[in-house]
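Architecture and fold: a report
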Amino acid sequence: MSEVETEPPLPERRARFGLLWLALAGALWLLVWPGLARLSGPADLGPVMPEMDGVHPARALEALRTAYSPGAGFLDKYPPLGSFVMGVTCALVDPGLPDFGTLEPLDPNARRQMLWEHGDTTLELLRAERWVSRVAMALAVALTMVLAARLARRVTRHTLLADRLAPALVLLTFGATYPVAYYGATTNVDALMLCAAVGALLAAVERRWTEAALAAAIATAFKDPAFVLGPVVVLGALFDGRRGGPKVALRCALLGLGAYAFLGGALLTPQTFLDHVRYLVTGGVEHVPRIDSSDPTQWAGLLTYSGRLLLDAAGGAPCLLALLGLGLVAARDRLAAALLPGVVVSTLLLFVVPAGFCYVRFLLVPLALVGALTAVAGVACVEVALRRRDLGPKQGLVGIVVLLALVSLADWGWGELTRTVGWGRAPLAPLEELHTLLVERDDPRAEAALALATLLPDGGRVTLVADGREAGPPVSPLAYDYAVYGIADAPGLDARWRARPETRPDALLWMTFPTELPTGRDSAATPPLAVGQEVAGMRVAAVFGSPRGTVVERTLAVRPTVSLLVRP
């Protein structure tokens, strides 16, 4: 057969080129966030202090030195792969700092001081690490666009419509959400995990079970919660009557476990791996509130809260359209339709409920699935609206306008409904949340640090009390006798200062976020301090920041209130 005869038809080739360009657009969409932030203010998206980021430079370089070294004893809340990747990035930026990683085991206050001594270098390393997250998140969005196109092909006769419209809708319904913008600009390992996780789902939908198992193992080696993908992939291979079966499922399980054992450090550093597992099983981060696992009623509250987080992140209308998209996929491919909600159920039952709390970053994979399934529903809606088999550019443009009008109308109706029942969600809320991230960059923490510098000379005693201590104001511990405590430590500090007034600091920074409890239960509201108020023998000199309580402020802790107190 000649080469011409085996070449794909012209519409098919155009569709592939269109999909390629849309995937590239998805990558550029994520990479342009830093530019938008620069136009709106001098600050990057993300934290103002290096230590707030999940893998700050000291941790990354320590991981580079010890993550896969037997007997090194590296212990972290994350598996070593993500920290190792960030460490390689830091080493490439400045290979002259091999001992910088030794800062990680130090006491937090001592480490903070050492980081400030390397201030300029720290900022450069941090900036490089954030670019790793940006690229990873851009790839995650691009893979989600491809996943949406593959699913849309199964519900429509129009290949061009599926390959061009579905990715564009993913860009709007997933790429433009605030968790994508935020976690694509920090050095947390979430973007790396999400990229591998979406790759695993794409492979599973295409019945490429070996690739799916490997991608799931890589995602888990970046962040433990991705282990929920493993059972979904293995069960999918087991029940796949065309390319699967018990042998394939067993091979996927063994291959996935082997890859994770290597990348997670279990083979090279077994004792360190066991320490990491013990850390997770015994509770992990101690200060995070959890539900009472012995009370099933609290499980329901946590699951309800998790659903509300997903609705807030994706929007009500996209979530409703995603259900329609899932039904359309189920009519053509029952296995694919079972895999996708299986990931959501597995995330909730195997991770969220046992952990006893939920943050929005736990739901990044379900959020990507909502975007992909919304695109599937959108393609079907446009096809029905046009009622034509041969779609040209003009008809496609009309279809996109019709679909966007329908989504906007549905989102407006959803906003009216949620306000009626008391949820308080506004129409087009995702765009408002992005506005908060990209435009309102006046950070109260920076303002408080500048005010402190004018009120207190160098060398004074300064205490920070915060419910996000690593996200505190950029106060140099080199200029002050600087100590940092959590909100839970405040009663003890007050008692000590009352008993020994001479130990009271010269200035006190009190920082709180309008956060909600990650269990979904109501938290006790703390009334804001007022200028001139006397608290713990200190006088409130200034108050910076007045959060509106938006979803971003509640779930990502990006805009606190900082009160500056001085000795009367």
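Fair warning: this is a prediction, and the values are worked out from it, not measured in the lab.

**Looking at the overall build of the protein chain**
If you tally the helices and strands in the protein chain, you get 23 helices and 6 strands. Within the protein chain, contacts between residues at least 6 apart in sequence are counted, and of these 75% link residues at least 24 apart. Only carbon and sulfur atoms are counted for the fraction: they give 64% of the accessible area of the protein chain, which is about 25200 Å².

**Brief notes about the pairing of strand S1 (residues 461-466)**
Counting buried residues in S1 gives 5 out of 6 residues, a clear majority hidden from the surface. With 6 bridges connecting them, S1 and strand S2 (residues 481-486) associate as parallel partners. Bridge pairing links valine 465 to tyrosine 485 in S2. Pairing between S1 and strand S3 (residues 507-512): 5 bridges, direction parallel.

**Overview of the side chain of arginine 154**
By the element assignment, arginine 154 lies in the loop between helix H7 (119-153) and helix H8 (159-173). Apart from the residues within four sequence positions on either side, arginine 154 is in contact with Val205, Glu206, Arg207, Arg332, Asp333 and Ala336.

**Quick notes on unusual backbone geometry**
Although it is not a glycine, arginine 207 sits at a positive phi angle of roughly 65 degrees. Considering the arrangement of structural elements, one finds arginine 207 in the loop between helix H10 (190-205) and helix H11 (209-222).

**Structural notes on the environment of proline 366**
Within the element layout of this structure, proline 366 appears in helix H18 (residues 364-386). According to the relative accessible area criterion, proline 366 is buried, its value standing at 2%. As for proline 366 and valine 344, which are separated by 22 residues in sequence, their C-alpha atoms are 5.6 Å apart. Apart from the residues lying within four places of it in its own chain, the contact partners of proline 366 are Leu310, Val344 and Thr347.

**A word on helix H12 (residues 229-239)**
Of the positions making up H12, those classed as buried are Leu229, Val232, Val233, Gly236 and Ala237. Looking straight down H12, one finds that the buried residues subtend no more than 125 degrees of arc, so they occupy a single side. Looking at the buried positions of H12, the neighbouring elements they touch are H10, H11, helix H13 (246-263) and helix H17 (334-355).

**Looking at H10**
The end-to-end C-alpha distance of H10 is 22 Å, a good match for the 22 Å that 16 residues give at a rise of 1.5 Å each. A large share of H10 lies buried, amounting to 16 of its 16 residues.

**Structural notes on the pairing of strand S6 (residues 561-566)**
Here S6 lies mainly inside the structure; 6 of its 6 residues are buried. Where burial is concerned, the two faces of S6 agree: the one with Thr561, Ser563 and Leu565 and the one with Val562, Leu564 and Val566 are both buried. In this sheet, S6 lies alongside S3 in antiparallel orientation, the contact comprising 6 bridges. In the sheet register, alanine 507 faces S6, and the bridge partner there is valine 566. Summarising the sheet, strand S5 (residues 538-544) and S6 pair through 5 bridges and their orientation is antiparallel. Across the sheet, valine 540 pairs through a bridge with leucine 565, a residue of S6.

**Focus on a nonpolar patch on the surface**
There is a patch of nonpolar side chains on the surface, built from Phe227, Val345, Leu349 and Leu350 and spanning about 340 Å² of accessible area. By the secondary structure assignment, valine 345 is in helix H17. Judged by relative accessible area, which is 44%, valine 345 ranks as partly exposed.

**Remarks on the packing of aromatic side chains**
Two descriptors summarise a pair of aromatic rings, namely the distance from one centre to the other and the angle between the planes of the rings. Tallying each qualifying case throughout the model produces 7 aromatic pairs. With a centroid separation of 5.1 Å and 85 degrees between ring planes, the pair formed by tyrosine 182 and tyrosine 183 is classed as edge-to-face. Overall, tyrosine 182 belongs to the buried group, its relative accessible area being 8%. Overall, the relative accessible area of 3% leaves tyrosine 183 in the buried class. Between the aromatic rings of tyrosine 260 and phenylalanine 273, the centroid separation amounts to 5.9 Å while the plane-to-plane angle is 65 degrees, which identifies the pairing as edge-to-face. In this pair, tyrosine 260 is assigned in helix H13 and phenylalanine 273 in helix H14 (residues 270-281), connecting sequence segments 13 residues apart.

**Looking at the nonpolar core**
If you look at the biggest cluster of nonpolar residues, it comprises 115 residues, and the most contacted ones within it are Leu151, Phe174, Leu194, Trp209, Leu229, Val329 and Leu556. In this structure, leucine 229 is in contact with Ala197, Ala200, Leu201, Ala216, Ala219 and Val343, ignoring residues within four places of it in sequence. Membership of the second largest hydrophobic core comes to 22 residues, among which are Ala449, Val475, Ala507 and Met511.

**Things to note about the pattern of salt bridges**
Scanning all chains against the criterion turns up 12 salt bridges. Close ionic contact of arginine 207 with aspartate 240 constitutes a salt bridge, the shortest N to O distance being 3.7 Å. With arginine 207 in the loop between H10 and H11 and aspartate 240 in the loop between H12 and H13, this pair connects stretches of sequence that are 33 residues apart. Neither residue differs from the other here; arginine 207 and aspartate 240 are each classed as buried. In this structure, a network of salt bridges that share partners links the residues Arg154, Glu206, Arg207, Asp240 and Asp333.

**Brief notes about the environment of alanine 215**
Structurally, alanine 215 can be placed in helix H11. A relative accessible area of 13% places alanine 215 in the buried class. Sequence separation of alanine 215 and leucine 229 is 14 residues, and the distance between their C-alpha atoms is 9.4 Å. Other than its neighbours up to four places away in sequence, alanine 215 contacts Ala196, Gly199 and Ala200.

**Side note on the confidence of the model for the protein chain**
Keep in mind that low pLDDT regions are not for reading the predicted coordinates in detail. Overall, the prediction assigns the protein chain a mean pLDDT of 79, with 74% of residues at 70 or greater. Every residue in residues 1-8 scores below 50 in pLDDT, and together they form 4 contacts with partners more than four places removed in sequence or on other chains. Contacts from residues 418-428, a stretch scored under 50 in pLDDT, to residues over four places away or in other chains number 23 contacts.

Cut-offs and rules
- Residues numbered from 1 in each chain as written.
- Predicted model: local features only at pLDDT ≥ 70, side-chain atom pairs only at ≥ 80, totals over all residues.
- Heavy atoms only, no water.
- Helix = DSSP H or I, 4+ residues; strand = E, 2+ residues; numbered from the N terminus.
- Contact = heavy atoms within 4.5 Å.
- Areas by Shrake-Rupley, 256 points an atom, 1.4 Å probe, with all protein chains shown as cover.
- Buried < 20%, exposed > 50% of the residue type's maximum accessible area, 1.4 Å probe, protein only.
- Pairing = 2+ DSSP bridges.
- Arc of directions from axis to C-beta.
- Expected span 1.5 Å × (residues − 1).
- Patch = residues over 30% accessible without salt bridge, like charges linked within 9 Å, V, L, I, M, F, W, Y side chains within 5 Å.
- Salt bridge = Lys/Arg side-chain N within 4 Å of Asp/Glu carboxyl O.
- Phe/Tyr/Trp six-rings, centres within 6.5 Å; stacked < 30°, edge-to-face > 60°.
- Core = buried A, V, L, I, M, F, W, Y, C linked by side-chain atoms within 4.5 Å.
- pLDDT = per-residue confidence, 0-100.

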